[in-house]
Amino acid sequence: MFELLTGTGLAASAGLNAYIPLLTVGVLARYTSLITLPDGWQWMSDEWVLGILTVLLVVEVVADKVPVVDHVNDVVQTVVRPTAGGLAFGAGSASETVTVSDPGEFFSSDQWVPVLVGVLIALGIHLLKATARPVINTATAGIGAPVASTAEDATSVVMSVVAILLPVLVLVFLVALLIGGPLLIRRARQRRRERRAARAAGYRV
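Just so you know, these numbers come straight off a predicted model, no measurement behind them. (Residues numbered from 1 in each chain as written. Predicted model: local features only at pLDDT ≥ 70, side-chain atom pairs only at ≥ 80, totals over all residues. Heavy atoms only, no water.)

Trainee: Which parts of the structure should I look at to understand helix 3 (residues 47–63)?
Mentor: Spacing of three or four residues puts side chains on the same side of an α-helix, whose turn is 3.6 residues. With 17 residues, helix 3 should cover 24 Å at 1.5 Å per step; its first-to-last C-alpha distance of 24 Å lies within 8% of that length. If you check which residues of helix 3 are buried, you get L50, L53, L57, E60 and A63. Considered in projection along helix 3, the buried side chains sweep an arc of 150° and stay on one side of the axis. In helix 3, the exposed positions angled more than 90 degrees off the buried face are occupied by E47, W48, V55, V59 and V62. Along its buried surface, helix 3 packs onto helix 1 (2–16), helix 2 (19–31) and helix 4 (69–93). (Helix = DSSP H or I, 4+ residues; strand = E, 2+ residues; numbered from the N terminus. Expected span 1.5 Å × (residues − 1). Buried < 20%, exposed > 50% of the residue type's maximum accessible area, 1.4 Å probe, protein only. Arc of directions from axis to C-beta. Contact = heavy atoms within 4.5 Å.)

Okay, structure coming up:
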């Protein structure tokens, strides 16, 4: 069960930021004993891979905080984040961690299944994020973009670490995302309507 939660948490994290969970897994596997990657996933802890992921993460972090640019970035990331989610789920569910000592019993056959599951989870979270961002930008005249992006990055970091160290808490994060996301979108749309109504009233006066 912990394997499923670890993979789910890493895939959901990738839906918010494609590179944070991959970098987290790679760094922890290379420099700590908190996670041991199986043979087929050892490449994630390679120095060159970590370097490339770091550069991509910097670009993603900057682009996602600029209004309009963040929307273009979300369009591009529609392919990248689900792919990263598949890789993160596959690696996480097959690795030994502080809570998982025998990952071979999980998804022992059909190795493509965890990757597909991760793709779908990351895609769902990505679509929620991509839907919310334009609404937030419009409702806040762009001011909300860096705030929302910073919150998403922080959530991605925490969820990635929690998925490896305390995977049971992944359930809490998922519930918060699935409930809080739609509520945030609804609130932002309400604020946008209020702004439009206030402008219309000002024109009439």
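Picking up after the structure, the text goes on.
Trainee: Hey, could you run me through the nonpolar core in this one?
Mentor: General note: in soluble globular proteins, nonpolar side chains tend to be found buried as a group. Core analysis: the largest hydrophobic core is formed by 30 residues, its most contacted members being L22, V25, L37 and M44. Residue assignment for this core shows that the elements contributing at least two residues are helix 1, helix 2, helix 3, helix 4, helix 5 (112–139), helix 6 (144–165) and helix 7 (170–204). When near neighbours in sequence (up to four residues on either side) are disregarded, M44 contacts L22, V25, G26, L37, V49, L50 and A91. (Core = buried A, V, L, I, M, F, W, Y, C linked by side-chain atoms within 4.5 Å.)

Trainee: Mind showing me how you'd approach the confidence of the model for the protein here?
Mentor: The predicted coordinates of low-pLDDT regions are not to be read in fine detail. For the protein, the mean per-residue pLDDT works out to 83, and 83% of the residues sit at or above 70. Least confident of the elements in the protein is helix 7, whose mean pLDDT is 67; most confident is helix 3, at 95. (pLDDT = per-residue confidence, 0-100.)

Trainee: What is the right way to look at the environment of A11 in this model?
Mentor: Looking at the element boundaries, A11 is found in helix 1. For A11 and L120, which are 109 residues apart along the polypeptide, the C-alpha to C-alpha distance reads 8.6 Å.

Trainee: Before we go on, may I ask you to explain a nonpolar patch on the surface in this structure?
Mentor: On the surface, a cluster of nonpolar side chains totalling about 770 Å² of accessible area is made up of F2, V157, V158, V161, L165, L166, V168, L169, L171 and V172. For the nonpolar patch, the secondary-structure elements that each account for two or more residues are helix 6 and helix 7. Looking at which element gives the most residues to the nonpolar patch, the answer is helix 6, with four residues. Note on placement: L165 falls in helix 6. (Patch = residues over 30% accessible without salt bridge, like charges linked within 9 Å, V, L, I, M, F, W, Y side chains within 5 Å. Areas by Shrake-Rupley, 256 points an atom, 1.4 Å probe, with all protein chains shown as cover. Salt bridge = Lys/Arg side-chain N within 4 Å of Asp/Glu carboxyl O.)

Trainee: Can you walk me through the packing of helix 1 against helix 4 in this structure?
Mentor: Two measures define how a pair of helices packs: the angle their axes make with one another and the distance between the axes. Packing of helix 1 against helix 4 leaves a shortest axis separation of 8 Å and a crossing angle of 160°. In terms of axis orientation, helix 1 runs roughly antiparallel to helix 4. As for how helix 1 packs across helix 4, the hand of that crossing is right-handed. Note on element contacts: helix 4 touches helix 1 through R81, A84, G85, A88, F89, G92 and S93, opposite E3, L4, T6, G7, T8, L10, A11, A14, G15 and L16. (Axes fitted to C-alpha atoms, helices over the stretch in contact; angles between N-to-C directions. Parallel < 35°, antiparallel > 145°, perpendicular 65-115°, else oblique. Left-handed = near helix turned anticlockwise from the far one by under 90°.)

Trainee: Before we go on, may I ask you to explain the pattern of salt bridges in this structure?
Mentor: Where charged atoms of side chains with opposite charge meet at close range, the side chains can pair. Using the criterion set out here, one finds nine salt bridges in the structure. Here R133 makes a salt bridge to D64, at a shortest N to O gap of 3.1 Å. Of this pair, R133 sits in helix 5 while D64 sits in the loop between helix 3 and helix 4, placing them 69 residues apart in sequence. Neither R133 nor D64 differs from the other in exposure class; each is buried.

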